[in-house]
Amino acid sequence: AAYSAMLDLQGKGYSSRLKLLLHAGRPVLLVARPWREHFMDGLREWVHYIPVRENLADLPERLRWLDEHRDEAAAIGRAGQAFARERLTRSAALEGLADAIRRLP
């Protein structure tokens with residue numbers, strides 16, 4: 001509750017926090033990464049999260065944007081939370097697994 005935005009970066013390995021951060025309802029700064037999770041195709045830049053380059057070169061610019069566009073940033077946080085409530089649930093995960101199994105040859 002003390003933070004107006006969340007930052008997710010994976011560092012040297014996988015970050016499992018993104019799903020939890022999206023549920024928080026705050027804007028998420030998502031650092032680009034080579035690995036993607038099953039739900040990430042549904043996420044949209046500047047709709048569900050704020051993109052940040054993998055090398056963090058644009059992080060200062062993104063932080064300024066957050067400070068100067070608080071209402072838009074809050075809307076991104078709410079959209080990310082709505083996405084999480086719909087697509088990042090136990091039932092959605094089970095349905096995704098079932099779909100993957102049905103597609104097996």
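Bear in mind the structure is a predicted one, so any value in this text is a computation, not a measurement.

(A) Molecular detail of the pairing of strand E2 (residues 28–31). Of the two faces of E2, the one carrying Val28 and Leu30 and the one carrying Leu29 and Val31 are both buried. Pairing between strand E1 (residues 6–8) and E2: 3 bridges, direction parallel. Paired with Leu7 across the strands is Leu29, a residue of E2. Once you follow E1 into helix H1 (residues 18–23) and on to E2, the crossover reads as right-handed. Summarising the sheet, E2 and strand E3 (residues 50–52) pair through 3 bridges and their orientation is parallel. Opposite Val31, over in E3, you have Val52 as the bridge partner.

(B) Focus on the side chain of Gln81. With respect to the element layout, Gln81 can be found in helix H3 (residues 70–87). Note on Gln81: relative accessible area 18%, which makes it buried. Once you skip the residues sitting within four places of it in the chain, Gln81 turns out to touch Leu22, His23, Ala24 and Gly25.

Calculation rules
- Residues numbered from 1 in each chain as written.
- Predicted model: local features only at pLDDT ≥ 70, side-chain atom pairs only at ≥ 80, totals over all residues.
- Heavy atoms only, no water.
- Buried < 20%, exposed > 50% of the residue type's maximum accessible area, 1.4 Å probe, protein only.
- Helix = DSSP H or I, 4+ residues; strand = E, 2+ residues; numbered from the N terminus.
- Pairing = 2+ DSSP bridges.
- Right-handed = clockwise from strand over helix to strand, strands pointing away.
- Contact = heavy atoms within 4.5 Å.

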